[in-house]
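For reference, the chains in residue letters:
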Amino acid sequence: MPPSQPIKAARGVRDVMAAERPVWEVAETAAREVARAHGYQEIQTPAIELAALIERGVGQDTDAGGKELYRLVKRGSEDLVLRPEATAGVVRAYFQHGLNQGPQPARLFTMGAMFRYNAPQLGRYRQFHQLDVEAIGDASPAYDVECIEMAVRWMEALGLRGLRLELNSIGDRKCRPAYIKKLVAYYRPLKDRLHPDCQRRLETNPLRLLDCKEEQCAPFKAKAPRITDHLCVECAEAFAAVRAMLDAGGLEYSLNPYLVRGLDYYTRTVFEVLHEALGGAQNSLGGGGRYDGLAAEIGYPDTPAVGFAAGFERVVMMMGEEGEEVIAPPSALVLVVPDGPLLKEAAEVGRLARTMVPTAVDYSTRSLKAKMRAANRLGPRWVAIFNAEESARRVLQLKEMAGGEQREVGWDELPALLEAELTG
RNA sequence: GUGGCUAUAGCUCAGCGGCAGAGCACCAGGUUGUGGCCCUGGGGGCCGUGGGUUCAAAUCCCACUAGCCACCCCA
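Remember, it's a predicted structure, so these values are computed and weren't measured experimentally. (Residues numbered from 1 in each chain as written. Chains lettered and ligands numbered in written order. Predicted model: local features only at pLDDT ≥ 70, side-chain atom pairs only at ≥ 80, totals over all residues. Heavy atoms only, no water.)

**Here's the deal with the pattern of salt bridges**
Here comes step 1: Scanning the model with the defined rule gives 24 salt bridges in all.
Here comes step 2: Here Asp144 and Arg290 are joined by a salt bridge, their closest N and O atoms 2.7 Å apart. Remark: Arg290 occurs in strand β9 (residues 284-290) and Asp144 occurs in helix α4 (residues 141-157); sequence separation between them is 146 residues.
Here comes step 3: Relative accessible area serves as the criterion here: at 2%, Asp144 is assigned to the buried category.
Here comes step 4: Close ionic contact of Glu149 with Arg153 constitutes a salt bridge, the shortest N to O distance being 3.5 Å. Of this pair, Glu149 and Arg153 both sit in helix α4, four residues apart, which is roughly one turn of the helix. (Salt bridge = Lys/Arg side-chain N within 4 Å of Asp/Glu carboxyl O. Helix = DSSP H or I, 4+ residues; strand = E, 2+ residues; numbered from the N terminus. Buried < 20%, exposed > 50% of the residue type's maximum accessible area, 1.4 Å probe, protein only.)

In structure tokens, the structure reads:
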């Protein structure tokens, strides 16, 4: 029985159609170029992972690793989820394929679909796509800066302007717990005056108090102790080194002591690349940071690492606003248009032309006039027209659509002629 | 998960109790092998879904669904 309603795409997902796809291709190509220019190698990891990897790696108390996680129906004893981000899977692959035995750090990048069950909005989808770049196996803050630089360079290469880089350090396992205690001690007496969400945060995830944008809480936030004033010596030195290298490299940034990222695994450096023109809630094009604790969390040897992820949907959207214009190429350079029922002959001419340039064939039974109208919309550079009489002589009329000139060409001369036209 | 706005042709939208409309797009003809401009004609609609009010509902009311926006969260 047919469905009572025609079946549409699932909520929160979208199709990238032919008019938009070339923009994605530009973004993907630029991403590969930037990553490879820094010595990074492309890998692919699965979209499905064991639930334990994500829950341990991303953190069950985070949105991405908790309520937003897509869980697959168990088959047998396999408890699988759709990945909400790529880092945990890349780190898993790094160990599983022995990259920890090779030269350190391993410089890896990947591109692909991520999945989070949240309310869809412009620029935010349930299936979205990220560029993900990771340097695994070395604690030097120089790699933090390398990641930041790649993120910014990628977006700049796509013509995006009005980018803002925000930077913070959120300490490590040594100094952060002590800071959180101070933060809670500061906020506890103010609890009644915070708005409900923040009252909840105080109990569940105190760091998130710094993320609050409510005016009601703003005065308290301004006077709250700052993590950057409470870093241990090692974290403070690393943070200073990151800033010094950014300065030396001419990368502008602003320090944001309230920048706290949504995933549990971050330590020390965190950063975000924002775009001024995007709406307040979805103004983040990408972000990342150091995650020295993740490897141990998912059962591998303690290993320092740093990386970033950036969203294609938002980057592509901003390219449409202000980036360089990308024009979708016509689907074919040559369109073969037989006048009459000449299917085999049209196919043969198509094969000949295709040896040189992308070639489509119009096999429809419409009038020649209708086929020419269609040809005009498809936008090929040439149309190859022939009727039964010309077919018998193995010739065709090659018409250049832009100027309208056409001349008779033998089928066997066609490839050489097209080549000459393209190179000349 | 919470609140606001919206839903009519492929697209953009008008109509706001009384025959389902426009522009663009699509198809065909005007031109006996040849596109664009122009002219003519044509195909297309459960007016998001379900219920209610009414003699009568695209129009008013309710619910649901979806989209957008804000919150939340983040890419």
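**Things to note about the sheet that holds strand β11 (residues 334-339)**
Here comes step 1: In spatial order, the strands read β12-β11-β13-β14-β15; together these five strands make up an open sheet with mixed pairing. Only two strands of the sheet have a single neighbouring strand rather than two, namely β12 (359-361) and β15 (406-410). For this sheet the average axis-to-axis angle between neighbouring strands, irrespective of direction, equals 25 degrees.
Here comes step 2: Sheet analysis places β11 next to strand β13 (residues 382-387), joined by six bridges and oriented parallel. (Pairing = 2+ DSSP bridges. Axes fitted to C-alpha atoms, helices over the stretch in contact; angles between N-to-C directions.)

**A closer look at unusual backbone geometry**
Peptide bonds are trans in most cases, and residues, glycine excluded, mostly fall at negative phi.
Here comes step 1: Residue Pro105 is reached from Gln104 by a cis peptide bond, and omega for that bond is -5 degrees.
Here comes step 2: Not every positive phi belongs to a glycine, and Arg268 is a case in point at roughly 55 degrees.
Here comes step 3: Looking at the element boundaries, Arg268 is found in strand β8 (residues 267-275).
Here comes step 4: With relative accessibility at 15%, the residue Arg268 sits in the buried group.
Here comes step 5: One non-glycine residue, Arg394, lies in the positive phi region at around 55 degrees.
Here comes step 6: The topology assignment puts Arg394 in the loop between α13 (388-392) and β14 (395-400).

**Some details on the nonpolar core**
Here comes step 1: Core analysis: the biggest nonpolar cluster contains 63 residues, and Tyr40, Leu131, Trp154, Met155, Tyr187, Phe308 and Val315 have the highest contact counts within it.
Here comes step 2: With nine residues, the top contributor of residues to this core is α4.
Here comes step 3: Once residues within four sequence positions are removed from consideration, Val315 is found in contact with Trp154, Met155, Leu158, Leu160 and Leu285.
Here comes step 4: By size, the runner-up hydrophobic cluster in this structure holds 26 residues, among which are Ala51, Leu53, Val81 and Ala88. (Core = buried A, V, L, I, M, F, W, Y, C linked by side-chain atoms within 4.5 Å. Contact = heavy atoms within 4.5 Å.)

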